[in-house]
Protein chains: 2
Amino acid sequence: MAVDWGTVMVKLGLSGLDTSDHASVVSINIFVTLICACIVIGHLLEENRWMNESITSLIIGLCTGIVLRLATRGNNSRVMVFSEDLFFIYVLPPIIFNAGFQVKKKQFFRNFITIMLFGAVGTLISFIIISIGAVEIFRKMDIGALEIGDYLAIGAIFSATDSVCTLQVLNQDETPLLYSLVFGEGVVNDATSVVLFNAIQKFDLVHMDVTVVLKFVANFFYLFSTSTLLGALGGLLSAYIIKKLYFGRHSTDREVALMILMAYLSYMLAELLDLSGILTVFFCGIVMSHYTWHNVTESSRITTKHAFATLSFIAEVFLFLYVGMDALDIEKWQFVSNSPGKSVGLSSILLGLVLIGRAAFVFPLSFISNLSKRSQNDKITFKQQVIIWWAGLMRGAVSIALAYNQFTRSGHTHQRGNAFMITSTITVVLFSTMVFGLMTKPLIYFLLPPSMKHLTRSLSLSSEPSSPKSFLSPLLGNGQGSELETGHSIPRPTSLRMLLMTPSRSVHHYWRKFDDAFMRPMFGGRGFVPFVPGSPIERSVLEWE
Amino acid sequence: MAVDWGTVMVKLGLSGLDTSDHASVVSINIFVTLICACIVIGHLLEENRWMNESITSLIIGLCTGIVLRLATRGNNSRVMVFSEDLFFIYVLPPIIFNAGFQVKKKQFFRNFITIMLFGAVGTLISFIIISIGAVEIFRKMDIGALEIGDYLAIGAIFSATDSVCTLQVLNQDETPLLYSLVFGEGVVNDATSVVLFNAIQKFDLVHMDVTVVLKFVANFFYLFSTSTLLGALGGLLSAYIIKKLYFGRHSTDREVALMILMAYLSYMLAELLDLSGILTVFFCGIVMSHYTWHNVTESSRITTKHAFATLSFIAEVFLFLYVGMDALDIEKWQFVSNSPGKSVGLSSILLGLVLIGRAAFVFPLSFISNLSKRSQNDKITFKQQVIIWWAGLMRGAVSIALAYNQFTRSGHTHQRGNAFMITSTITVVLFSTMVFGLMTKPLIYFLLPPSMKHLTRSLSLSSEPSSPKSFLSPLLGNGQGSELETGHSIPRPTSLRMLLMTPSRSVHHYWRKFDDAFMRPMFGGRGFVPFVPGSPIERSVLEWE
């Protein structure tokens, strides 16, 4: 534990023996004011056919960058520096945790295999295509020295999608299948690309042979499973502590504080152990919403649900603002300003590779996924496939963070090739978020017209059995859903055939049995805490699951 | 705006182009784990007669400091460095804002004049006594060169109380008068000592004459009024925006985010304008709970109430942990280790001055305050005076932050006198929090036995008119309270006599009229938003106001 605490504290902004710095106060004021402006303007533009909050924030960030640059008369080369630490330590955890916490678990696990297909296998396909394309094309262009590790990193960087724009347009209630696929793929994709990226940096890829590839694959699966396990353990521990000590007896604040801190701890612990914090905190969120959330008081439930969403919302707005403001950092544009044509060409090629790399897995994998589904309703239609393809075209902050990590490391910040890659990443992120992002709303309205969506909504509302009875007899209620679907709609198959034909649904069925018999009595969860009927929480539970 | 953004970003922890630092991840893990431990242990010890959360955190912090020091084999002189920036920018705002947000406004404003007497005049008296005592005694001891500004700073540093320990024991419902006095004094005291301290640093106090003193007083009142006004404006702006745009229509998260951000913005804006952020954010909290809170959706109300309390709770636990861990920084103990007797003597003298300085205003000012009260119930009994005196004996993080600011500034960090003052401050803070803090619970139980407190509680519960009717006809309900008390219990006096005899209550009466006629229609507030009877919010409103 021979840690240099002085440096640590400076890094975390915990240091500063001098008097309170005026400049830091100024920058916080600017940021908070801008976030408020983004929220208000985003709210006003909500009805707008084209805009959404991400694009609003990005544009406001860009404008502020321009204003700040003019105000400092251009001689301040670093208006705002994008920081990986800030991104991975403070901004990403609340977004991913909230994603896990708010996900409709039933939908998510029902489509688990399809989601993993898109998120893990799809990202790998996209990674391979972009890497090969980069090696083939970039080597012919004179853009400076890039090693094999750099090309693979480019593949990982441009495989990390940002589906926030699309998720803001899709509605979880109106198109549950589509939403859960896009949403689930987004999270698994983030985790896959970060794990891939870390593996690329760790392994010696110049001397590549079968052993290295096998080790690489083993490492990938090790990271995937241990990260998931750590997240689940973190969530279960919080559920156990709160259930055992019955916190609610005295204070809602302690419960909420403990949930926030345990979730954050699971993320940081994963980072400490060199696992994937993203996967960890995502599964921690899922476990917390399944167990811990039911063990706390009613006020805690409402508070956590909205507080986590708010934190995530602020983090997202901050992120897009930040990316926008960072884009205008002059220093990194100096190297490429001599050859603007080459820079534009590079970005166009990358955009093309992104489009192809994504198409190369969305349509084939959808076809494979459809093969295993018998019901027409469960299949992914072509229109939906197009939306899934489109939803993952945007590149965001993960790409920028990874690009900075790869191309600005010690020593070779000022190399030509690195400068080109940084500026191209920013160009791709800005272009894809603004141009593709702006077209998302119209595209979805065109492919899934609102009238049809409303029809779907009313149908799904009337067909959903939402009787409050299930809350008074939760054990019955919990079994009910899967029983109804596996038992009534089709002739009940044998267990083995069922496992082969509809694996995820059957796994879900056995999981429910196990959950009710062993997990819930230990860790709480719905039905294992007193429930007050008629309270507003009932409504929110109904909406949620 | 020629701001060095590079430095700013480092200060805020926003920088770090190198790869994610392992050490910072370690320190975050340690901190989050410790905070979780404090919450759980604090919960388990809640029934304990002696302990409370502050002392638990302080002890855990001290133990961790020892463990870390042993683990790094003592050669790491800076285990943890107390940072003013961290304290004033991140930790203090949520604590003070929540104080304003959760305060029972009726009680606070009814006792407004007494609170201002204690908080402003009392702190000034304490400041003068401690300063004069320090000048007289310390000059005779050989502790190194201290200027007149240093002695005055000592007065301000040791006038800043920390009443968190006492507030954790007192119950707002059982002893409303006592609670509002201790609580209100604590906030006004914090603000007064910080304003005093800033004024001391700003003015040239070596050449003191009448003009300087007058300017000093004028500056003090200017800061007080403008800070309060800024806070009120911030709160009103948030109320107006949310009411005008009717955020609830779409999203709870936006409302909650906007409330958090506007509150923080008001604090940072005050700091930017060199005003007192503490006063600003406190009054912003009061205004927000009076207007904004009523304009948002029901879920937002529950969420904000608990989320703000949780943030404040985490900040408090973190603070005591941090102070505990910082106390063992070896470097600052090296200078005084040669003369331990002198160090102990210095700390004892300061503790004595604190005891005397506080007694010198609590008992006289209580006497003056009692003169203006006719009802026996409104008078402050001697036992209550003792509790008020005791509640303000603890010194906390504000003292440490101010001491660091004064005695570790550029150049003379290694002077003997400065080292003595830093270690004495830490000694006084630890001793007063641990020893006085441990005695608080027994003392209050001794002076106000629980049986009596329960009696008071049941009485107050039955005498409070808590009919839900007041929510359906809020205008009537709002007037009701003050009408009942000023009108029925005593013969109605003329307006002028009323203003002279019971100034605060009468001001309150006119304020209510003004509020109903002009403010509420503009900024919302109770009764100016749709209200659903029978919802849990009704209960929480009843408990709150």
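Residues numbered from 1 in each chain as written. Chains lettered and ligands numbered in written order. Predicted model: local features only at pLDDT ≥ 70, side-chain atom pairs only at ≥ 80, totals over all residues. Heavy atoms only, no water.

**Q** Can you break down the overall build of chain A residue by residue, with the values?
**A** Helices and strands together make up the secondary structure of chain A, namely 24 helices and 0 strands. Of all intrachain contacts in chain A linking residues separated by at least 6 positions in sequence, the fraction that spans at least 24 positions is 84%. For chain A, the exposed surface amounts to about 21800 Å²; the carbon and sulfur share of it is 67%. (Helix = DSSP H or I, 4+ residues; strand = E, 2+ residues; numbered from the N terminus. Contact = heavy atoms within 4.5 Å. Areas by Shrake-Rupley, 256 points an atom, 1.4 Å probe, with all protein chains shown as cover.)

**Q** An account of the nonpolar core is needed here, citing residue identities and associated values.
**A** In this structure, Ile154(A) and Ile154(B) are the most contacted members of the largest nonpolar core, which totals 293 residues. Setting aside residues no more than four positions away along its own chain, Ile154(B) makes contact with Ile130(B), Ala134(B), Phe138(B), Leu146(B), Leu350(B), Phe407(B) and Met421(B). (Core = buried A, V, L, I, M, F, W, Y, C linked by side-chain atoms within 4.5 Å. Buried < 20%, exposed > 50% of the residue type's maximum accessible area, 1.4 Å probe, protein only.)

**Q** I'd like to hear about the packing of aromatic side chains, residue by residue, with values.
**A** Residues and elements named next belong to chain B. Considering all chains together, one arrives at 47 aromatic pairs over all chains under this definition. Here Phe514 and Phe518 contribute two aromatic rings whose centre-to-centre distance is 5.5 Å and whose plane-to-plane angle is 40 degrees, an arrangement assigned as tilted. Remark: Phe518 and Phe514 occur in helix α23 (residues 503–523); sequence separation between them is 4 residues, near one turn of the helix. In this structure an aromatic cluster arises from ring pairing among Phe108, Phe109, Phe112, Tyr179, Phe183, Phe282 and Phe283. (Phe/Tyr/Trp six-rings, centres within 6.5 Å; stacked < 30°, edge-to-face > 60°.)

**Q** Can you break down helix α3 (residues 53–71) of chain A residue by residue, with the values?
**A** The end-to-end C-alpha separation of α3(A) is 26 Å, in line with the 27 Å expected for 19 residues at 1.5 Å each. Here α3(A) has its buried residues at Glu53(A), Ser54(A), Ile55(A), Thr56(A), Ser57(A), Leu58(A), Ile60(A), Gly61(A), Leu62(A), Thr64(A), Gly65(A) and Leu68(A). (Expected span 1.5 Å × (residues − 1).)

**Q** Outline the pattern of salt bridges, listing residues and values.
**A** Taken as a whole and judged by the stated rule, the model has 6 salt bridges over all chains. Its salt-bridge partner being Arg520(B), residue Asp516(B) comes within 3.1 Å of it at the nearest N-O pair. Linking Asp516(B) with Arg520(B), this pair stays in helix α23, spanning 4 residues, or about one helical turn. Since its relative accessible area comes to 18%, Asp516(B) is described here as buried. Looking at Arg520(B), the relative accessible area reads 3%, which means it is buried. The network of salt bridges with common partners includes Asp515(A), Asp516(A) and Arg520(A). (Salt bridge = Lys/Arg side-chain N within 4 Å of Asp/Glu carboxyl O.)

**Q** Give me the lowdown on the side chain of Ser193(A), citing residues and values where you can.
**A** Residue and element names in this part refer to chain A. By the secondary structure assignment, Ser193 is in helix α9 (residues 176–202). Separated by 2.7 Å, the side chain of Ser193 and the backbone oxygen of Asn189 make a polar contact. In contact with Ser193, not counting residues within four places along its chain, are Thr123, Ala156, Ser159, Ala160 and Leu402. (Polar contact = N/O pair within 3.5 Å; in protein donor to acceptor, adjacent residues only side chain to side chain.)

**Q** Which residues make up the environment of Glu271(B), and what values do they have?
**A** Structurally, Glu271(B) can be placed in helix α11 (residues 252–272). Its relative accessible area of 24% is what places Glu271(B) among the partly exposed residues. In contact with Glu271(B), other than residues within four places in its own chain, are Val25(A) and Gly277(B). Within the local environment of Glu271(B), its side chain forms a polar contact with the backbone nitrogen of Gly277(B), the two atoms lying 3.3 Å apart.

**Q** For the state of the cysteines, give the residues involved together with the corresponding values.
**A** Under the defined criterion, the tally for this structure stands at 0 disulfides over all chains. The cysteine Cys284(A) is free of any disulfide, with Cys36(B) supplying the nearest cysteine sulfur at 11 Å. A relative accessible area of 0% means that Cys284(A) is categorised as buried. (Disulfide = S-S within 2.5 Å.)

**Q** Before we move on, could you go through a nonpolar patch on the surface and cite the residues and values that matter?
**A** All names here are of chain A. A contiguous nonpolar patch, built from Val213, Val217 and Phe221 and spanning about 260 Å² of accessible area, is present on the exposed surface. Summarising the element assignment, Phe221 is placed in helix α10 (residues 210–245). Under the relative-accessibility criterion, Phe221 is labelled exposed at 54%. (Patch = residues over 30% accessible without salt bridge, like charges linked within 9 Å, V, L, I, M, F, W, Y side chains within 5 Å.)

**Q** Hey, could you go over unusual backbone geometry for me, with residue numbers and the actual values?
**A** Residue and element names in this part refer to chain A. The phi torsion at Asp274 lies on the positive side, around 60 degrees, for a residue other than glycine. Take Asp274: it is sitting in the loop between α11 (252–272) and α12 (277–295). Residue classification places Asp274 among the exposed positions, given a relative accessible area of 52%.

**Q** Could you give an account of helix α2 (residues 22–44) of chain A, with specific residues and numbers?
**A** The terminal C-alpha atoms of α2(A), which comprises 23 residues, lie 33 Å apart, in line with the 33 Å expected from a rise of 1.5 Å per residue. Taking burial as the measure, the 23 residues of α2(A) include 18 buried ones, the bulk of the element.

**Q** Break down the environment of Thr252(B) for me, with residues and values.
**A** Among the structural elements, Thr252(B) can be located in helix α11. Once residues lying within four places of it in the same chain are set aside, the contact partners of Thr252(B) are His306(A), Thr297(B), Ser299(B) and Ser300(B). Within polar-contact distance, the side chain of Thr252(B) engages the side chain of Thr297(B) at 3.2 Å.

**Q** Before we move on, can you summarise the packing of helix α6 (residues 112–138) of chain B against helix α9 (residues 176–202) of chain B with the specific residues and values?
**A** All names here are of chain B. One can describe the packing of α6 onto α9 by two numbers: an axis separation of 8 Å at closest approach and a directional angle of 45 degrees. If you check the angle between α6 and α9, you find them oblique. As α6 runs across α9, the sense of the crossing is right-handed. Within the contact between the two elements, α6 uses Thr114, Ile115, Met116, Phe118, Gly119, Ala120, Thr123, Leu124 and Phe127 and α9 uses Ser180, Leu181, Gly184, Glu185, Val188, Asn189, Thr192, Ser193, Leu196 and Ile200. Its residues placed into classes, the contact of α6 with α9 shows 10 nonpolar, 8 polar and 1 charged. (Axes fitted to C-alpha atoms, helices over the stretch in contact; angles between N-to-C directions. Parallel < 35°, antiparallel > 145°, perpendicular 65-115°, else oblique. Left-handed = near helix turned anticlockwise from the far one by under 90°. Nonpolar A, V, L, I, M, F, W, Y, C, P; charged D, E, K, R; others polar.)

**Q** I'd like a rundown of the side chain of Asn219(A), residues and numbers included.
**A** All names here are of chain A. Checked against the element boundaries, Asn219 lands in helix α10. Owing to a relative accessible area of 16%, Asn219 belongs among the buried residues under this scheme. Sequence-distant contacts of Asn219, that is, excluding residues within four places in its chain, are made with Ala199, Lys202 and Phe203.

**Q** Kindly report on the packing of helix α2 (residues 22–44) of chain B against helix α3 (residues 53–71) of chain B, identifying the contributing residues and their values.
**A** The axes of two packed helices give the description: the angle between them and the distance between them. Residues and elements named next belong to chain B. Between α2 and α3, the shortest axis-to-axis distance is 9 Å and the interhelical angle comes to 140 degrees. Between α2 and α3, the crossing angle belongs to the class labelled oblique. Relative to α3, the crossing made by α2 is right-handed. Touching Ile30, Leu34, Ala37, Cys38, Ile39, Ile41, Gly42 and His43 of α2 are Glu53, Thr56, Ser57, Ile60, Thr64 and Leu68, all from α3.

**Q** Could you give an account of the confidence of the model for chain A, with specific residues and numbers?
**A** Residue and element names in this part refer to chain A. In the predicted model, chain A carries a mean pLDDT of 75, and 76% of its residues have values of at least 70. When the elements of chain A are averaged for pLDDT, helix α20 (residues 469–472) gives the smallest value, 29, and α11 the largest, 92. Low pLDDT, under 50, characterises residues 1–20; the stretch is placed with 59 contacts to residues that sit more than four places away or in other chains. Contacts of residues 530–545 to residues separated by more than four positions or lying in other chains number 37 contacts, the stretch itself having pLDDT below 50. Two numbers describe this predicted complex: its pTM, 0.80, and its ipTM, 0.79. (pLDDT = per-residue confidence, 0-100.)

**Q** Can you explain the environment of Thr226(A)? Please cite residues and give values.
**A** Residue and element names in this part refer to chain A. In this fold, Thr226 is placed in helix α10. Residue classification places Thr226 among the partly exposed positions, given a relative accessible area of 22%. Considered as a pair, Thr226 and Thr280 are 54 residues apart in the sequence and their alpha carbons are 8.4 Å apart. A polar contact is formed between the side chain of Thr226 and the backbone oxygen of Tyr222, at a distance of 2.5 Å.

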